[in-house]
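# Topology and contacts: notes
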Amino acid sequence: MNETQPGQGGRAGDGGPQLTRRGFLRKGAAAVGGAAAVAAAVSPLRDLPGDDLPTFEKFFQRHYKEMTPAEKEAVLRRVEREVKEREGVEVRVGDPPPLTGVEFVYALNISRCIGCRKCVHACVKENNLSRSPEIQYIRVLKMEKGSIDLETSDHHYDPPVVPEHDSYYMPVQCHQCKKPPCVKACPVEATWQEPDGITVIDYDWCIGCRYCEAACPYWARRFNFAAPEVPAGQLNPDMGYLSNRPRAKGVMEKCTYCLHRTRRGRMPACVEVCPTGSRKFGNVLDPDSEVSYILRQKRVFILKEEVGTVPRFFYYFDERGSRYHEPIAPVEPGTADGEAGT
Amino acid sequence: MKRYLTFVWDCVRLSFVGDWRYHLWMTILTVVALLGLYAYCQQLVHGLVTTGMTDQVSWGLYIANFTYLVGLAAAAAMLVIPVYVYRNMHLHDVVVFGELLAVAVITMCLLFVTVDLGRPDRALHLFRRFNFPISMLTWDVIALNGYLLLNLHICGYLLYCAYCGRQPARAFYVPFVFIAIVWAVSIHTVTAFLYVGFGGRPFWNSAIIAPRFLASAFAAGPAFIVLTLQIVRRVTRHRVTDDALFTLRRIMQVAMIINIFLLGCEVFTEFYTDSAHVASARYLYFGLHGRSALVPWIWTAIAFNLLATFLLVLPASRALRTLNTACVLAIVGIWIEKGMGLIVPAFVPTPLGEVVEYFPTWGEIMVCLGIWAFGLLLYTIFVRISVPVLAGELTYEKRYGVQAP
Ligand code: SF4
Ligand code: SF4
């Protein structure tokens, strides 16, 4: 280690010990010990799942907006292949483009919502959300009558039947803001707003810094703290690249207004499943759409308007009191109506 | 070039040489750093579930430590101000130690951000699509890395000149010193802006955060250096005068008082208004809906800070023992306040009013300790190298018997 260069004289000052046999052995032992300690420290990496290591192709995959059509096609097929290999299920991964002249908005009738959480679980199924750990895009808040203070809301209400007396319900999901702070926050542009108003995430680009999650005033974003798990039999095979295709651990996700359905003319799963018709969805640029009518005619309000993100998600209530609905049992995960059923 | 390589090689060699205390200290740090690496590898395999973070509290100890350390790093370089601007030569010796501290600490900052990433394998995406100037995080990336490079250049240049036995050319480092001073303010401010810019987090959404960052950094930074300098002068032959320590004490006095004043302003605004926005502050200071994990922490921090300030303004802190006590109190107090006290409560309650508490896991704590150990390891090596080099004991000439050209 301490070779002196010939002809340059002795070493002065702060020299190390001379190269003796004993010194050499001691250094050798220290080096071996050090290497062994480092090896032990990184030993957990043995269990690193194989698909966590990016292949050459994945590592150099370009940002969604920079991909050529051919590259995108290859990526879509690759995702299909990966699901097939991992889960043994044939799926179709598409990438429907935003439709011109369309801007989606959502309207939710809080005088009708009975808090049954059917939307929550329909969303879980439709969007292949992780069952363990549990991820849900929609949070239904039970509110005290006479208050819109979110802090007094109950997130984990669990009565035998809903609706409960003296409460109303306010489901919250991504509001697809027109001025989305989450998009501003992202350092790598992994999340952006599409022309039809939907804010999407490229799950292959997100670095998992969770800055967007801190920025969102509606608590709409969900992070994959662990590898998401969906039983193969329950996978929804109709997938979109920017929406419900399988996510990896360590990336962000959120509601996309079911863009793989809605950009093809269908309704979001939560709208379809709602037993009370509280959920309305459509194109606000079309004056004849139901949502346009609601925005014109109903008593509409925006949650937390003061944060100024200009949501595309509206709450409204009926003029003449709420329509009566027979009490029903709420959906609980694992019951016939929930996870395993239908 | 060859001379530069021998310089690097001598530095590496030197960092393995020392007496038994040095070896013991370095071994302990290495072991802790490796334990941290072990915990991090586990986190890589299982994901961030190994931490206590959740969708509700999505940032925890990692970002808390990061925030604290940014302050420490900035303060280190600001010690330069009195030397170059006011020609206070008491501090001249300590400048290089301050800047080396900045280098070690910024390295720790970058490590803390990296371990917080869900997909560190994609960190290079920053180079391929950089959301500048919209995302404050990109500003922080630039500010921190720029600061690291500046300080590396200044320290590296001064040490290398000492090694070659020549006088450093002012043009090569004085301009950078001044840039570094301004830059130090910027790393603070940018890091504060990381938090204050969002309407959805009222606890952070306050203009006072950035000035408080500066004030507390000016207290914690010098406190750390006061302790370091005393260790340096005990275990090496490097002489540090008491006057230098007392200059630092004066900086701390002012900074602590301003910090406490700003804290008072903040507490008053929150609690006197008593609007819905006070929820996070109430959670922090008194607990909310029966959840009060942070309450003992923040009151400890406040007690420590008050006590430290009290000790510092007393003439008694001209005695080193009192001064050291005050320094330790300030370092710990500000660590709690800037870390747990600033980051975590902003997430409680969530924007939808849910109260979920954050408890760091052992894995997470191990990773943090590992990074701290690694940072101390780096700093120890830096000091180990720079003391003999600056003292002119290790130069090219002495090593190889030829005068450096
Ligand atoms: S609700 Fe949150 S996630 Fe959705 S667009 Fe707005 S800020 Fe982004
Ligand atoms: S978590 Fe992903 S999407 Fe969110 S800010 Fe970070 S990189 Fe962007």
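Please refer to the structure higher up on the page.
Let me begin by describing the structure that accompanies this report.

Quick notes on the rules
Residues numbered from 1 in each chain as written. Chains lettered and ligands numbered in written order. Predicted model: local features only at pLDDT ≥ 70, side-chain atom pairs only at ≥ 80, totals over all residues. Heavy atoms only, no water. Near = heavy atom within 4 Å. Nonpolar A, V, L, I, M, F, W, Y, C, P; charged D, E, K, R; others polar. Phe/Tyr/Trp six-rings, centres within 6.5 Å; stacked < 30°, edge-to-face > 60°. Helix = DSSP H or I, 4+ residues; strand = E, 2+ residues; numbered from the N terminus. Buried < 20%, exposed > 50% of the residue type's maximum accessible area, 1.4 Å probe, protein only. Lys NZ or Arg CZ within 6 Å of the ring centre and 35° of its normal. Contact = heavy atoms within 4.5 Å. Buried area = accessible area lost by both parts, 1.4 Å probe. Salt bridge = Lys/Arg side-chain N within 4 Å of Asp/Glu carboxyl O. Polar contact = N/O pair within 3.5 Å; in protein donor to acceptor, adjacent residues only side chain to side chain.

### Focus: the site of ligand 2
Taken together, the neighbourhood of ligand 2 is formed by Cys186(A), Pro187(A), Val188(A), Thr191(A), Cys206(A), Ile207(A), Gly208(A), Cys209(A), Arg210(A), Cys212(A) and Met252(A). Looking at the shell around ligand 2 residue by residue, the classes come out as eight nonpolar, two polar and one charged.

### What to know about the packing of aromatic side chains
A ring pair, where both rings are aromatic, is described by two values, the distance of the centres and the angle of the planes. Applying the stated criterion across every chain, the model contains 36 aromatic pairs over all chains. Between Tyr64(A) and Tyr241(A), the aromatic rings sit 5.7 Å apart at their centres with planes inclined by 15 degrees, giving stacked as the arrangement. Taken together, the positions of Tyr64(A) in the loop between α2 (56-59) and α3 (69-87) and Tyr241(A) in the loop between β8 (238-240) and β9 (252-253) put the pair 177 residues apart, joining distant regions of the chain. An identical accessibility class is assigned to Tyr64(A) and Tyr241(A); each is buried. Ring geometry for Phe268(B) and Tyr272(B): centres 5.0 Å apart, planes at 20 degrees, overall stacked. Here Phe268(B) and its partner Tyr272(B) are both found in helix α10 (residues 242-273), four residues apart, which amounts to about one turn of the helix. With respect to burial, Phe268(B) and Tyr272(B) carry one shared label: exposed. Through successive ring pairs, a cluster of aromatic residues spans Phe104(A), Tyr106(A), Tyr257(A), Phe281(A), Phe301(A), Phe313(A), Tyr315(A) and Phe317(A). Positioned above the aromatic ring of Tyr64(A), the side-chain terminus of Lys72(A) is 4.3 Å from the ring centre. The aromatic ring of Tyr22(B) is capped on one face by Arg384(B), whose charged end is 5.6 Å from the ring centroid.

### A short note on the environment of Arg266(A)
Residues and elements named next belong to chain A. One can find Arg266 in the loop between α7 (259-262) and α8 (269-273). With 117 residues separating them in the primary sequence, Arg266 and Asp149 have C-alpha atoms 34 Å apart. Not counting residues up to four positions away in its chain, the partners in contact with Arg266 are Asp238 and Arg261.

### What to know about the interface of chain A and chain B
Often, the extent of an interface is quoted as the loss of accessible area upon association of its parts. Each side of the interface is counted separately: chain A has 74 residues, and chain B has 65 residues. Counting each side, the surface lost to burial between chain A and chain B is near 5,800 Å², with a carbon and sulfur contribution of 56%. Two residues, Glu189(A) and Arg129(B), come together in a salt bridge whose shortest N-O distance is 3.1 Å. Summed over the shared surface of chain A and chain B, the result is 32 residue pairs in polar contact (both at pLDDT 80 or more). Contributing elements (two or more residues each) for the side of chain A that touches chain B: α1 (21-41), β3 (139-144), α5 (181-185), α6 (211-215) and β7 (222-223) of chain A. A class-by-class count of the residues in the side of chain A that touches chain B yields 41 nonpolar, 15 polar and 18 charged.

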